[in-house]
Amino acid sequence: NGKEDPLDVYLEGGFDEWQSLQRQQNFSRDFVVALIAMSETDLWLFAGLHTVLEVGSTTGHHPFRYRTERRPDCEELDGRLVVRFSRPSRQSYLLAEKWTSDLQVHEIRPRKLEVAEFPGYPSVLLTKRQLDLIVERRVPSWKSALSAVGGVYLIADAETGKLYVGSAAGDEGLWDRWCAYSKTGHGGNRDLRNLLRDNGNDYMQHFRFGVLEIADRRAGPDDILRRESHWKELLQSRAHGYNAN
C-alpha cells in the first residue's frame, strides 16, 4: 500500500487498518496469515491470523476494504513469532497450504516486538517514522545511548540522495537534537525548513538518520564543530547537500 514500510505501520499500531485496504480482491479466503518482512534476509514477523468477515468497496487507489477479525487463539504469538521463509517470487499473496512445509520457526521472542533495541552507534539507521516512535515512547535503550554522547550525525534524503551533516554537544547530546527533528522534521535548519515548505511536511518521511561519529560529552563544542566541518567537506554536503555553511 504505497511507500509505507509495513513494519513501521505495524509498530505504530495501524497494521490492521492498513492491511484492510487492497487494490484487488486478494483475500478471497477464510483466513489471512500476515507475515511482515524484517531487515534480515528471509525472516518474517508474524502479525496475526485474521478471519475474513466481508469485503466492501471504497474510493481511491485501494477500492476494496476488508473487514477482518484477529483470531484470539493466535494472539500470544503476534509480534513474537519469527519465521524463516524464502519467498519464491515477488508475489505478495501466497496460498498458505502450498508453503507450510517451507516455513521454519526461527525464534519466539520473549516479548512482542515494539521498537528494536539500540543496535550500537555504527549501526543506527532510522526512518522518520522509526525516530518518531522512539521519541514518543522514550525507548530506554535509545534514550540512554543517545543522551550519553554528543557527536556528528547525518540526515540523508532518500528521494534525492542529498545529505545534511549536523552535530550535537549539549547536556542531552544526540537525543535532544534528534527530538527536535522528530517534532519539526527540520530541527531549525534553514535548507531543510525550506525543503519542507516547498514539498509539504509529508516529505520528511524520506529522511534517514544515522550517526557518523560520537564524542564524549566532555568534549568541547569547538572540537565537535571541527569534526562536523570535516564530515561536511568529505561528504560535500555544502556543495551538493543541505548544509548552507
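So, here is what we can say about the structure in this document. Bear in mind that the values here come from a model prediction, so they are computed numbers and not experimental data.

### Points about the overall build of the protein chain
Scanning the protein chain from terminus to terminus reveals seven helices and 10 strands. Each principal axis of the C-alpha distribution contributes one length, and for the protein chain these read about 65 × 40 × 30 Å. For the protein chain, the proportion of its 245 residues judged to be buried stands at 40%. Of the contacts formed within the protein chain by residues at least 6 apart in sequence, a portion of 62% connects residues at least 24 apart. Split by element, the accessible area of the protein chain, about 14200 Å² in all, is 48% carbon and sulfur. Taken together, the 33 basic and 36 acidic charged side chains of the protein chain have centroids lying 3 Å from each other.

### Observations regarding helix α6 (residues 190-199)
For α6, every residue scored as buried is listed here: Leu192, Leu195 and Leu196. All buried residues of α6 project into a common sector of 90 degrees when viewed along the axis, lining one side. In α6, the exposed residues that point more than 90 degrees away from the buried face are Arg190, Arg197 and Asp198. The N-cap residue of α6 is Asn189: its side-chain oxygen and the backbone nitrogen of Asp191 are 3.2 Å apart. Just beyond α6, the residue with positive phi is Gly200, at close to 90 degrees.

### A closer look at the pairing of strand β4 (residues 64-70)
Relative to β4, strand β1 (residues 21-22) runs antiparallel, the two sharing two bridges. Bridge pairing in β4 places Leu21 opposite Arg65. Of the strand pairs in this sheet, strand β3 (residues 43-57) and β4 are connected by seven bridges, and their pairing is antiparallel. From the neighbouring strand, Ser57 faces β4, where its bridge partner is Phe64. Connecting β3 to the antiparallel partner β4 that follows it, the hairpin turn spans six residues, and Gly60 within it adopts a positive phi of roughly 95 degrees.

### What to know about the packing of aromatic side chains
All chains considered together, the criterion is met by 12 aromatic pairs. Residues Tyr181 and Phe209 carry aromatic rings whose centres are separated by 6.0 Å and whose planes lie at 55 degrees to one another, so their mutual orientation is tilted. Pair noted here: Tyr181 is in helix α5 (residues 173-184) and Phe209 is in strand β10 (residues 207-216), with a separation of 28 residues, a long-range link. Of the two residues, Tyr181 and Phe209, neither departs from the other in class, the shared state being buried. A connected cluster of aromatic rings, assembled from ring pairs, spans Tyr153, Trp178, Tyr181 and Phe209.

### Some remarks on the packing of helix α4 (residues 140-147) against α5
Taken N-terminus to C-terminus, the directions of α4 and α5 make an angle of 115 degrees; their axes are 4 Å apart at the nearest point. Classified by the interaxial angle, the pair formed by α4 and α5 is roughly perpendicular. Contact residues: Trp142, Lys143, Leu146 and Ser147 in α4; Gly173, Leu174, Trp175 and Trp178 in α5. Across the contact of α4 with α5, the residue classes tally to five nonpolar, two polar and one charged.

### Some points on the packing of helix α3 (residues 128-137) against α5
Contact geometry of α3 with α5 gives a least axis separation of 9 Å together with a crossing angle of 115 degrees. The chirality of how α3 crosses α5 is left-handed. For the pair α3 and α5, the contacting residues are Lys128, Leu131, Asp132, Ile134 and Val135 in the first and Trp175, Trp178, Cys179, Tyr181 and Ser182 in the second. Tallied by class, the residues present in the contact of α3 with α5 amount to seven nonpolar, one polar and two charged.

### Re a nonpolar patch on the surface
Residues Val33, Leu35 and Leu103 make up a contiguous nonpolar surface patch of roughly 210 Å² in combined accessible area. Inspection of the secondary structure puts Leu103 in the loop between β5 (81-84) and β6 (104-108).

### Some words on helix α7 (residues 221-235)
Taking 1.5 Å of rise per residue, the 15 residues of α7 would be expected to cover 21 Å, and the 21 Å separating its terminal C-alpha atoms lies within 8% of that figure. Looking at the buried side of α7, the elements it contacts are β8 (149-157), β9 (163-168) and β10. Immediately downstream of α7, the backbone of Gln236 shows phi near 55 degrees, a positive value.

### Overview of the sheet that holds strand β7 (residues 126-127)
Spatially, four strands are ordered β7-β10-β8-β9 in an open sheet, and the strand pairing comes out antiparallel. Edge positions in the sheet fall to β7 and β9, since each of these pairs with one other strand and no more. One ladder, built from two bridges, connects β7 with β10; its direction is antiparallel. Residue pairing for β10: Leu126 is matched across the bridge by Phe209. This element, α7, spans β8, β9 and β10 of the sheet and lies at about 170 degrees to β9.

Reading guide: rules and limits
- Residues numbered from 1 in each chain as written.
- Predicted model: local features only at pLDDT ≥ 70, side-chain atom pairs only at ≥ 80, totals over all residues.
- Heavy atoms only, no water.
- Helix = DSSP H or I, 4+ residues; strand = E, 2+ residues; numbered from the N terminus.
- Buried < 20%, exposed > 50% of the residue type's maximum accessible area, 1.4 Å probe, protein only.
- Contact = heavy atoms within 4.5 Å.
- Areas by Shrake-Rupley, 256 points an atom, 1.4 Å probe, with all protein chains shown as cover.
- Lys, Arg positive; Asp, Glu negative; His and termini not counted.
- Charge placed at Lys NZ, Arg CZ, Asp CG, Glu CD.
- Arc of directions from axis to C-beta.
- Polar contact = N/O pair within 3.5 Å; in protein donor to acceptor, adjacent residues only side chain to side chain.
- Pairing = 2+ DSSP bridges.
- Phe/Tyr/Trp six-rings, centres within 6.5 Å; stacked < 30°, edge-to-face > 60°.
- Axes fitted to C-alpha atoms, helices over the stretch in contact; angles between N-to-C directions.
- Parallel < 35°, antiparallel > 145°, perpendicular 65-115°, else oblique.
- Nonpolar A, V, L, I, M, F, W, Y, C, P; charged D, E, K, R; others polar.
- Left-handed = near helix turned anticlockwise from the far one by under 90°.
- Patch = residues over 30% accessible without salt bridge, like charges linked within 9 Å, V, L, I, M, F, W, Y side chains within 5 Å.
- Salt bridge = Lys/Arg side-chain N within 4 Å of Asp/Glu carboxyl O.
- Expected span 1.5 Å × (residues − 1).

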